[in-house]
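# Tertiary structure, described
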Amino acid sequence: MQNIPFDRDLIEGILAKNKIQSVGASSIREVKKIIDDVEGATKQKFIRMEMGIPGLPATQIGLDAQIQSLKDGVAAIYPDIYGTQELKHETSLFVKNFINIDIPEDCCVPTVGSMQGGFASFLTISRMDPKKNKVLFIDPGFPVQKTQCRILGIETEHFDVYDFRGEKLREKLESYLSKGDFGCLLYSSPNNPAWFCFNEKELQIIAEVANKYDVIVIEDLAYFGMDFRKDYSQPSVAPFQPSASHWAKKYILLISGSKAFSYAGERIAVMIISPELFNYESDTLQKYFGQRNFGKAIVFGSLYALTSGTAHSAQFALTAIFKACNEGTFNFRTDLLEYQRKAEIMKKAFIENGFNIVYDKDLDVDIADGFYFTFSYPTMTGIEMLDELVFYGISAISLDITGSKRNEGARACVSLVPNELLPELSERLKIFHKDHPIK
Ligand SMILES: Cc1ncc(COP(=O)(O)O)c(C=O)c1O
């Protein structure tokens, strides 16, 4: 067994040198620097759970198509801002096959990651109606989306959905949306950081309350099809990826290539805009974007001004991936099940050593095993727990920055923990538990 916990003086020296008072309260970038220094000094591997980046190779079908497109010369040519005709076509088929919704090709638009899809959505929606420009976040969530709103000068409100699952969600949403000043709401499902998934009833509630107050639903499907309790990967066969789009009138779905297809490096996603929203017209859109029509304003106004479209070759990659999924020649879920397998082992190691899973249920069923999970230790806050776990060579991020009210918790991402370190994780947690008895 290696020398866990690490020597306190050594670690405290590294923290002091980096001017870090609390690892738990530090940014992901600061945590990375500390880990690099500790690994250098101890010659031991950290168990790194702080970064939410894919741990699988990029989907080969995408790579092959992208390389071929570059050889064919697309690098020299500006892509159409609207997206290539082939990508629009395959995206429309993809959402029919895997969500079971009918969307015209026009309403399917590529973006530079879902990050840009969100930014362009906030930018455009906040200029649709000057009286309805606030954004409601159903938290916990991905902190950068709030940063985007702050940069854009858009006011936001948010609530932790932990105590408002099921029918309780209706009244909670009513309490915000009935004020009449929200233009849109956003949530991710499966959720970053908590990995809960809204069920069909909850998605219907979200859509109904949004429709009642004419609010746009932004459904962030960054983890498309990754609720592994069900198999959403068979084209045109139920069950389908659950989505509020079955009930919502005005909505935007953000489908990212980053996690489901391990294509994060090429920054590619698609934005699906409901026809009712795409065709919506307003004078203020005309003023800002030179277009009265929402679809045209977001594409020819926002996306044009931001990046003038999405990298040409990455569009070829996603087109090939969607085409193979649509034709049933590629099953995107198969490789991703690795995340489920690891999460199951890691969660078990935490629970056996006195830790709890913070967001543990989707109403009456256990949450799925997948890309993230949340954990806490009974005698500590999340920050105290993370500060202490550093001495055991384990890192994660605090839930504080995600809008969660559960300040006892931290988020773990399973993707970067190598299989050979899983027994080591269990050992280190055992020592932690022994050193911090729960009375
Ligand atoms: C909930 C959520 N939305 C959006 C993104 C960003 O996706 P993309 O890489 O497509 O920009 C992430 C990435 O971690 C995420 O977790």
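Residues numbered from 1 in each chain as written. Predicted model: local features only at pLDDT ≥ 70, side-chain atom pairs only at ≥ 80, totals over all residues.

## A few points about the overall build of the protein
When helices and strands are tallied, the protein shows 15 helices and 15 strands. A compact globule built from 439 residues should have a C-alpha radius of gyration of about 22 Å, and the protein, at 22 Å, falls within 12% of that. Here the C-alpha coordinates of the protein stretch approximately 65 × 55 × 45 Å along the principal axes. Counting across all 439 residues of the protein, residues that qualify as buried make up 52%. (Helix = DSSP H or I, 4+ residues; strand = E, 2+ residues; numbered from the N terminus. Rg over C-alpha atoms; globule rule 2.2 N^0.38 Å. Buried ≥ 20, exposed ≤ 12 C-beta atoms within 10 Å, placed from the backbone.)

## Overview of the site of the ligand
Near the ligand there are 13 residues, and of these Gly 113, Met 115, Ala 222, Ser 256 and Ser 258 occur at the shortest range. No other element matches the three residues that helix α5 (residues 113-125) contributes to the shell around the ligand. Here the residues of the shell around the ligand are counted per class, giving five nonpolar, seven polar and one charged. (Near = placed C-beta within 6 Å. Nonpolar A, V, L, I, M, F, W, Y, C, P; charged D, E, K, R; others polar.)

## Observations regarding the sheet that holds strand β2 (residues 108-111)
Taken together, seven strands build an open sheet; the order of strands is β2-β8-β7-β6-β5-β3-β4 and the sheet is mixed. Each edge of the sheet is formed by a strand with only one pairing partner; in this case those strands are β2 and β4 (156-160). The sheet shows a mean angle of 20° between the axes of neighbouring strands, taken without regard to direction. The pairing of strand β3 (residues 134-139) with β4 spans five bridges and is parallel. When the bridges of β4 are listed, Phe 137 appears paired with His 158. (Pairing = 2+ DSSP bridges. Axes fitted to C-alpha atoms, helices over the stretch in contact; angles between N-to-C directions.)

## Observations concerning the pairing of strand β6 (residues 216-221)
Consecutive side chains along a regular strand alternate between the two faces of the sheet. Counting buried positions over the six residues of β6 gives six, a clear majority of the element. What you see with β6 is no split at all: Ile 216, Ile 218 and Asp 220 on one side and Val 217, Glu 219 and Leu 221 on the other are buried throughout. In this structure, strand β5 (residues 182-188) lies alongside β6, joined through five bridges in parallel fashion. The partner of Leu 185 across the bridge, within β6, is Val 217. Where the polypeptide runs from β5 across helix α8 (residues 200-212) and back to β6, its parallel neighbour, the crossover connection is right-handed. Where β6 and strand β7 (residues 251-256) come together, five bridges link them in parallel fashion. By the bridge assignment for β7, Leu 221 is matched with Ile 255. (Right-handed = clockwise from strand over helix to strand, strands pointing away.)

## Some thoughts on the environment of Ala 41
By the element assignment, Ala 41 lies in helix α2 (residues 28-42). The exposure class assigned to Ala 41 is partly exposed, which follows from the 14 C-beta atoms found within 10 Å. Measuring from C-alpha to C-alpha, the distance between Ala 41 and Ile 321 comes to 43 Å, with 280 residues separating the pair along the chain. Among residues more than four places away in sequence, those in contact with Ala 41 are Leu 10 and Ile 14. (Contact = placed C-beta atoms within 7 Å.)

## Thoughts on the domain arrangement of the protein
In terms of domain boundaries, the protein breaks down into domain 1 (8-56 + 337-435) and domain 2 (60-326). For domain 1 and domain 2, the distance between their C-alpha centroids amounts to 30 Å. Between domain 1 and domain 2, the contact holds 25 residues from the first and 27 residues from the second. If you list the elements that add at least two residues to the side of domain 1 that touches domain 2, you get α13 (332-352) and β12 (372-376). When residues of the side of domain 1 that touches domain 2 are assigned to their parent elements, the largest contribution, three residues, is made by β12. Its residues assigned to classes, the side of domain 1 that touches domain 2 comprises 13 nonpolar, seven polar and five charged. (Domains from an automatic or database assignment.)

## Here's the deal with the sheet that holds strand β15 (residues 409-413)
The strands that make up a sheet are held in pairs by hydrogen bonds between backbone atoms, and each pair lies either parallel or antiparallel. The antiparallel open sheet is built from four strands, whose spatial order is β9-β12-β15-β14. Looking along the sheet, the strands with just one partner apiece sit at the ends: β9 (356-357) and β14 (397-398). Two elements, β9 and β12, share two bridges in a ladder whose sense is antiparallel. Across the sheet, residue Asn 356 finds its bridge partner in β12, namely Ser 376. This element, α13, spans β9, β12 and β15 of the sheet and lies at about 0° to β12.

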